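What follows is each chain in one-letter form.
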Amino acid sequence: MNIVTSYVNPDIDGVAGMLAVAELRRRAGENYRPVVFGSLDAETEVVLRHVGLAFPTGVGDVNSIESAVVIDCHSPLQLASEVSPESVVEVIDHHVDQADEVYPNILRYRNELVGAACTLVLEDWIAGSARPPDQYSTLLAAGIFSNTQGMTGPSVTDRDRRAYSVCTQGRGLPDSLVAEMARARASDIGSPLAAVFRDVKAFAVGERIVRLSQIEAPGSAFLIAKPEWANALKQFQTRFADDETAVSVVDTASETTDVFTDSPLLQVVWARLGEARRGSEWVLHIPRIALRKTDLVPLLDELETSRQTQGS
Ligand SMILES: [Mn+2]
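For clarity, every value in this text was computed on a predicted model and none was experimentally measured.

**Some points on the overall build of the chain**
For the chain, the count of helices and strands is 12 helices and 11 strands. A compact globule built from 312 residues should have a C-alpha radius of gyration of about 20 Å, and the chain, at 19 Å, falls within 12% of that. When the backbone C-alpha atoms are referred to their principal axes, the chain occupies close to 55 × 45 × 35 Å. Residues classed as buried in the chain amount to 43% of the 312 residues present.

**As for the domain arrangement of the chain**
Per the domain assignment, the segments making up the chain are domain 1 (2–182) and domain 2 (189–310). Taking the mean C-alpha position of each, domain 1 and domain 2 sit 25 Å from one another. With 12 residues of domain 1 in contact, the opposing surface of domain 2 contributes 14 residues. Each residue belonging to the side of domain 1 that touches domain 2 can be placed in one class, and the counts come to 4 nonpolar, 7 polar and 1 charged.

**A short note on the sheet that holds strand β1 (residues 2–5)**
Strand order across the open sheet formed by 5 strands is β2-β1-β3-β4-β5, with parallel pairing between neighbours. For this open sheet the edge positions go to β2 (33–34) and β5 (108–111), each flanked by a neighbour on one side alone. Alignment of strand β3 (residues 67–71) against strand β4 (residues 88–93), held across 4 bridges, turns out to be parallel. Each bridged residue has a counterpart across the sheet, and for Val70 the counterpart in β4 is Val91. Sheet strands in contact with helix α1 (residues 12–27) are β1, β2, β3 and β4, and its direction is about 135° off that of β3. Contacting β3, β4 and β5, helix α3 (residues 117–128) runs over the sheet at an angle of about 110° to β4.

**Some points on the pairing of strand β7 (residues 208–217)**
Moving residue by residue along a regular strand, the side chains alternate between the two faces of the sheet. Taken across its 10 residues, β7 has 8 buried, putting it largely inside the fold. Relative to β7, strand β6 (residues 200–205) runs antiparallel, the two being bridged by 6 bridges. Its bridge partner being in β7, Val205 is matched across the sheet by Arg208. Hairpin connection between β6 and β7: a loop of 2 residues separates the two successive antiparallel strands, and Gly206 in this loop has a positive phi of roughly 60°. In the sheet, β7 pairs with strand β8 (residues 244–251) via 8 bridges, with the strands oriented parallel. Of the residues in β8, the one forming a bridge with Ile215 is Val249.

**Thoughts on the environment of Ala202**
By secondary structure assignment, the location of Ala202 is in strand β6. As a C-alpha pair, Ala202 and His94 span 108 residues in sequence and 16 Å in three-dimensional space. Those residues in contact with Ala202, other than ones at most four positions away along the chain, are Leu77, Gln78, Ile209 and Arg211.

**Side note on unusual backbone geometry**
For Gln169, which is not glycine, the phi torsion reads 50° and is therefore positive. Considering the arrangement of structural elements, one finds Gln169 in the loop between α5 (158–168) and α6 (175–188). Judged by C-beta crowding, with 11 C-beta atoms within 10 Å, Gln169 ranks as exposed.

**Notes on α6**
In an α-helix, one turn spans 3.6 residues; hence positions three or four apart end up facing the same way. If you check α6, its first and last C-alpha atoms are 20 Å apart, about what 14 residues at 1.5 Å a residue would give, namely 20 Å. For α6, the full list of buried residues reads Met181, Arg185 and Asp188. The buried residues of α6 occupy an angular sector of 70° when projected down its axis, which confines them to one face. Exposed side chains of α6 directed beyond 90 degrees from the buried face belong to Asp175, Ser176 and Ala179. After α6 finishes, the residue Gly190 shows a positive phi value of roughly 60°.

Rules behind the numbers
- Residues numbered from 1 in each chain as written.
- Predicted model: local features only at pLDDT ≥ 70, side-chain atom pairs only at ≥ 80, totals over all residues.
- Helix = DSSP H or I, 4+ residues; strand = E, 2+ residues; numbered from the N terminus.
- Rg over C-alpha atoms; globule rule 2.2 N^0.38 Å.
- Buried ≥ 20, exposed ≤ 12 C-beta atoms within 10 Å, placed from the backbone.
- Domains from an automatic or database assignment.
- Contact = placed C-beta atoms within 7 Å.
- Nonpolar A, V, L, I, M, F, W, Y, C, P; charged D, E, K, R; others polar.
- Pairing = 2+ DSSP bridges.
- Axes fitted to C-alpha atoms, helices over the stretch in contact; angles between N-to-C directions.
- Expected span 1.5 Å × (residues − 1).
- Arc of directions from axis to C-beta.

Structural data, given as structure tokens:
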């Protein structure tokens, strides 16, 4: 089986991208099945219902993956274990902050500085034929819009703006859909415990594994005030006790970011992003939207340096 997939528990950017790539390939006579490992988030479900496309399924027989196109991700650490490095034939990603990967059978590898993987997928459609049909155009627009915090976030580029404009024919997404997406994100937070495990990405830094959880939604800061928050943090740290871990809470409504880590190394590395408070937990409060991708990960390279400086 040939599949198009993304990282485990993909967001709308990964899911929209995989469906639009599968459709583009189908038109070229190739059969690539969109496959989600993990689960869909509420925002993605809202968008899929809006455009009337079926939810992608999980893979049935995992032994049968012959080739995989990977969207919105390029690190084997973030892929499901069922996707072998040998099966990866194409990568379409926008995480230039992470070191590129070498896959033995890769045919096409793109990792470019744009705000959404969907922007690259739309550019493929345009290069191949024309604007995707409405269902897929809206889907891609939603991926771009969501990944760039409504076209206002730190990662948005002119290419994203062009792609978004092509997809929505200059009109933007309907206000009602935008509102529904925001509500879905807010509702998806759920309990602190569910939230800390929802979107976790792993990064290799030298010999170390760094696991960064990001909770990004309007109103997410309220989680921190909940009595269960401390326990959720503790469970996250315990689950990945061998690794350096952090949880960042990005509240897109109040435009604040709070980063929690018990890793002395990460604390040193991120100290330049703002003033840390140290109570029962070390917390870095940043009075703006600071994303894992654009703010936290780019500083990870300095981990090794600070480790050597600390002599640990
Ligand atoms: Mn993305």
